[in-house]
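# Working through the structure, step by step
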Amino acid sequence: MESYLKENFGGVKPKHSTGENLKRWRTLCGVVKNRKRRFRFTANLLKRDEAAAMRRSNQEKLRVAVLVSKAAFQFLQGDFFKQEDYTLPEKVKAAGFDICADEVATIVENHDPKKLKYHGGVDGIAKKLKTSTTDGLSTEGLSRRQEIFGINKFTEAAQRSFWVFVWEALQDTTLMVLAACAFVSLIVGIATEGWPKGAHDGLGIVASILLVVFVTATSDYRQSLQFKDLDKEKKKISIQVTRNAYRQKMSIYELLPGDIVHLAIGDQVPADGLFLSGFSVSIDESSLTGESEPIMVSGDHPYLLSGTKVQDGSCKMLVTTVGMRTQWGKLMATLSEGGDDETPLQVKLNGVASIIGKIGLFFAIVTFAVLVQKLVTRKILEGSHWRWSGDDALELLEYFAIAVTIVVVAVPEGLPLAVTLSLAFAMKKMMNDKALVRHLAACETMGSATTICSDKTGTLTTNRMTVVKACICTKTMDLTKQVANEVPNNALKLLIQSIFTNTGGEVVVNQHGTREMLGTPTETAILEFGLSLGGNFQTERQKYKIVRVEPFNSTKKLMGVVLQLPEGVIRAHCKGASEIILANCDKMINANGEVVNLDDVSLNQLKGTIDKFAGEALRTLCLAYKDLENDVSPETPIPASGYTCIGIVGIKDPVRPGVKESVALCHAAGITVRMVTGDNINTAKAIAKECGILTDDGVAIEGPDFREKGLDELYRLIPKIQVMARSSPLDKHTLVKHLRTTFGEVVAVTGDGTNDAPALHEADIGLAMGIAGTEVAKESADVIILDDNFSTIVTVAKWGRSVYINIQKFVQFQLTVNVVALIVNFTSACLTGSAPLTAVQLLWVNMIMDTLGALALATEPPNDELMKRPPVGRKGNFISNAMWRNILGQSLYQFVVIWLLQSKGKSFFGLYGDDSDLILNTLIFNAFVFCQLFNEINSREMEKEDVTDGIWDNNVFVSVISATFVFQVIIVEYLGTFANTSPLTIIQWLFSIFIGYLSMPIAVYLKRIPVCIETVDLDPLDY
């Protein structure tokens, strides 16, 4: 079966499956009872095609708009144009605005310079929108503005009501056939036996169908609500906005035209808008148009489109158009209906359901044929084959209903849906554990992870940074014990100038009148250091004119700014990785504050300081400056050499509590943890040893060295790498790719920056940081770690294993019921001419094994034992040898018990008289149900003998088992007329329970039978 599944249903991957593979497996699902329900949680390929068509259309429209814009811009230079008159709608005029939503939307979407110039440029648009380009909107009149310009949300499909799920549950083909049988049974029964006796069988089937439908609909409705809640969490995106003259974080859904938004590298543009000010802004429009070439945005080309990503630079933007008036809003409305890709397990279990469904259909047809043949033979022997009565018709109808019900039980429609149930449950619980799952498949895949490549800063460490040591003018200072007051005045002035001008952060006064620092933890630590030196952020920023800014880049590992000083001097400041900046310096400031040449002695002294700081697990940064020629323009790149070293700072970022224990837990679980960081190698090694990542036989390597290795060296080296320092995003991508393809590892990777997107995309599981991560990183990720904590990643791995094993438990339980129900009814029909389990009884069994079984077994919470097992990896078989052992062993036991009851039950219990068959069949039904009930408990563990461990901690499981027991008593004792059962004596009840209970010691014996464990030997040269 496993090879068949891999061949036909193995094309769907956890990530990036092709549309062809997604279509292919659907066509292979032959026996499907309810298409609406079976394929509910799969991708809507038609809607995806629509979205792709919209992207192509946008690409063409924007290409034309850019060409027209360029031509129009050149034309406008000569002032040879005349704008058509613009008529302001009365409603907009009455609201106090001088431009309407459609007009301003057209300007940005069509890149229309003529209209932009007609309305007075960007400043003119701002005035007409009644906003300030410095202070932003005021909070007065926001509701009126919202009424005129709309809200920043796209149209979503309404939440479906409970009755829609009831209707979909009724679409089950087999249930519809059974309903038709029930209707015919009612008509024939009432006609032959009268009311109410003749209606019992038909009403019993109808009641069972309704029970199945409502239980199924309730389960599906609850799942849909869970997914709706998770969808809301996924869409929570905040952005920096100036409103009421205060810089503040705000949800993108609260934005209105006129808002001033601050964009930085990795941000998603939250609405259509116009560029106000900024530096080196490069925009990636591929999400909107499919075009990979970045677009430069500036005062000459100020158009920013919603949904695009800031690839480089930073800027302020005036929001002009929001929500469904933007192309992104229309595209998202279509994409939201496209749904998530189905997961590999969903597809695989659809395959299992199809195989068993075909077998069940065959058995159902044969069973019906055998039963009819027995009836016809009997009538021929009686000589009444030409006379057919209403009773004969009812008997034929009952046979047909039994055959249909065998299909109901045999087609395990609940298998793929159990995956969804388990994933929904896990996603909800993981949300409480600070992990937001963006793609369903990530839950499954994380359970198979064999390697975690983790960032250092903010993931293994707290990301609460403080400058604790500094080396300024060759003097090393411990800032926890002394204030840096020994720095010469001219050097102090340069240091403060460098800190407050060459930064991606800001010091602002918030709405409460208190000082607040904005920016990354590294930037805020250095700003805090600058303030402790007596500097003033606003004063320094207002003193100098900024000519050019080059934001921090994880490839170059530095950032820079070019200033024009009041006296006319042009100065560049540079800050970044200590050894890289120091390599760009040829001068330094000595202890007297004088600029001197950087000789070998001084260079070695500074390098020693860097190594000393790094050995203390401090993150080191070097600050430097260079005076430039006066002919520098905003387009001139910042120089790469000739700098004067101002000083080196050591930033402390403590290791998170619990990280060492989490790393040890990963090692026990067979998961290798690797640190991949941009930091200094000595800092990285110190932190890695503290966390327990770097061992004596492990390798720590720098990115530049890694890049130079040949393939043969990499094959030998990669398995030993535990720390990679000074790595570039490309190094991380290369490492992940080799681990996945060459060594067959299942790799989880963390990332927070824009440049981490390729590695997150390449990894089996991309984990983005929720606090430090950019929107680009989050969009490329499968899971967002909301607290940026490594321990949360381990929790995700534990939940992933729990999902995988829970679904295995349910599959084992359901396949056992399938096998026994099929064989019992088929053999009984062949040998006795009747089926011991009626349609109503089989429907009840179907509910136990399908909806209720999935609810009980697929929602088991994880336990610590899960992290003591080796990972499944990439090559593990889903239906393991241990599962087949348990399935076949339990099936054999149940079949033998039921067959003995059928053949010897009457004599054993002394059953004689007209109702002996009814009592015996009730006993068989009761024993069969209790076998399933106790086997459900057995299925909690596939290898462990103690299956009751922790059972009382799972309220759902206990509730399902209890409810099943109570309903079984009611069906047997009180609903005999409808369910074809007869009340049993206390001895018969105890016997039924004992027969079920016996499956538990048998399960213990089965688990002691050794099975071959599937292993896969991986040789890199085989790939």
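Above: the structure in question.
Below is a short write-up of the structure. (Residues numbered from 1 in each chain as written. Predicted model: local features only at pLDDT ≥ 70, side-chain atom pairs only at ≥ 80, totals over all residues. Heavy atoms only, no water.)

## Brief notes about the pattern of salt bridges
Per the counting criterion, the structure on display carries 31 salt bridges. Taken together, the shared-partner salt bridges in this structure form one network comprising K456, R619 and D679. (Salt bridge = Lys/Arg side-chain N within 4 Å of Asp/Glu carboxyl O.)

## A few points about the nonpolar core
With 145 residues, the main nonpolar core has L178, M446, I765, V783, F790 and V811 as its most contacted residues. The element that contributes the greatest number of residues to this core is helix α31 (residues 790-832), accounting for 19 residues. Each residue touching L178, except ones within four places of it in the same chain, is listed here: I205, I209, A401, V404, T405, V408 and L843. Counting 30 residues, the second-largest nonpolar core is a separate cluster that includes I472, A491, L495 and A525. (Core = buried A, V, L, I, M, F, W, Y, C linked by side-chain atoms within 4.5 Å. Buried < 20%, exposed > 50% of the residue type's maximum accessible area, 1.4 Å probe, protein only. Helix = DSSP H or I, 4+ residues; strand = E, 2+ residues; numbered from the N terminus. Contact = heavy atoms within 4.5 Å.)

## As for the packing of helix α34 (residues 916-938) against helix α37 (residues 986-997)
Between α34 and α37, the least distance of the axes is 7 Å, while the angle of their chain directions is 35 degrees. Judged by the twist between their axes, the crossing of α34 over α37 is right-handed. Residue-level contacts link I919, L923, N926, A927, F930, C931 and F934 of α34 to Q988, W989, S992, I993, I995, G996 and Y997 of α37. (Axes fitted to C-alpha atoms, helices over the stretch in contact; angles between N-to-C directions. Left-handed = near helix turned anticlockwise from the far one by under 90°.)

## A look at the sheet that holds strand β9 (residues 451-454)
The strand order β8-β26-β25-β24-β9-β21-β23-β22 describes an open sheet built from eight strands, whose pairing is mixed. Two strands in the sheet have a free side with no partner beyond their single neighbour: β8 (435-437) and β22 (699-702). Averaged over all pairs of adjacent strands, the angle between strand axes in this sheet comes to 20 degrees, irrespective of strand direction. Two elements, β9 and strand β24 (residues 747-751), share three bridges in a ladder whose sense is parallel. Bridged to C453 within β24 is V749. (Pairing = 2+ DSSP bridges.)

## Here we look at the packing of aromatic side chains
Counted according to the given criterion, the structure contains 17 aromatic pairs. Where W844 meets F967, the ring centres are 6.1 Å apart and the plane angle is 50 degrees; that geometry is what we call tilted. With W844 in helix α32 (residues 839-857) and F967 in helix α35 (residues 955-974), this pair connects stretches of sequence that are 123 residues apart. Overall, W844 belongs to the buried group, its relative accessible area being 6%. Through successive ring pairs, a cluster of aromatic residues spans F162, W163, F165, F214 and Y221. The ring of F957 has R940 lying over it, and the distance from NZ or CZ to the ring centre is 5.6 Å. (Phe/Tyr/Trp six-rings, centres within 6.5 Å; stacked < 30°, edge-to-face > 60°. Lys NZ or Arg CZ within 6 Å of the ring centre and 35° of its normal.)

## A look at the side chain of S992
Assignment of secondary structure puts S992 in helix α37. On the basis of relative accessible area, S992 is assigned to the buried category, the value being 0%. Engagement of the side chain of S992 in a polar contact is seen with the side chain of N926, the distance being 3.2 Å. Ignoring sequence-local partners within four residues, the contact set of S992 consists of L923, N926, A927 and F930. (Polar contact = N/O pair within 3.5 Å; in protein donor to acceptor, adjacent residues only side chain to side chain.)

## Some details on helix α33 (residues 881-909)
Structurally, the α-helix is built with 3.6 residues per turn, so residues lying three or four positions apart point the same way. Along α33, the largest kink reaches about 60 degrees and is centred on S903. At the C-terminal side of α33, G910 shows a positive phi close to 65 degrees. (Bend = angle between axes of the 7 residues up to and from the residue.)

## Notes on α34
Look at α34: 32 Å from first C-alpha to last across 23 residues, which is about the 33 Å you get at 1.5 Å a residue. Burial of α34 is extensive: 20 of the 23 residues sit out of reach of the surface. (Expected span 1.5 Å × (residues − 1).)

## Considering a nonpolar patch on the surface
On the surface, I190, W195, L203, F965, V966, F967, I970, Y974, L975 and F978 cluster together to form a nonpolar patch covering roughly 950 Å² of accessible area. With five residues, the top contributor of residues to the nonpolar patch is α35. Considering the arrangement of structural elements, one finds I970 in helix α35. A relative accessible area of 30% means that I970 is categorised as partly exposed. (Patch = residues over 30% accessible without salt bridge, like charges linked within 9 Å, V, L, I, M, F, W, Y side chains within 5 Å. Areas by Shrake-Rupley, 256 points an atom, 1.4 Å probe, with all protein chains shown as cover.)

## What about unusual backbone geometry?
With phi around 60 degrees, K130 is a residue other than glycine that occupies positive phi space. Even without being a glycine, R726 presents a positive backbone phi close to 45 degrees. The class for R726 is buried, based on a relative accessible area of 8%.

## Section: the environment of I260
Along the polypeptide, I260 turns up in strand β3 (residues 260-263). Residue classification places I260 among the buried residues on the basis of a relative accessible area of 0%. For the pair I260 and Q240, spaced 20 residues apart in the sequence, the C-alpha separation amounts to 8.7 Å. In this structure, I260 is in contact with S132, T133, G136, Q240, V241, T242, L276, K316, M317 and L318, ignoring residues within four places of it in sequence.

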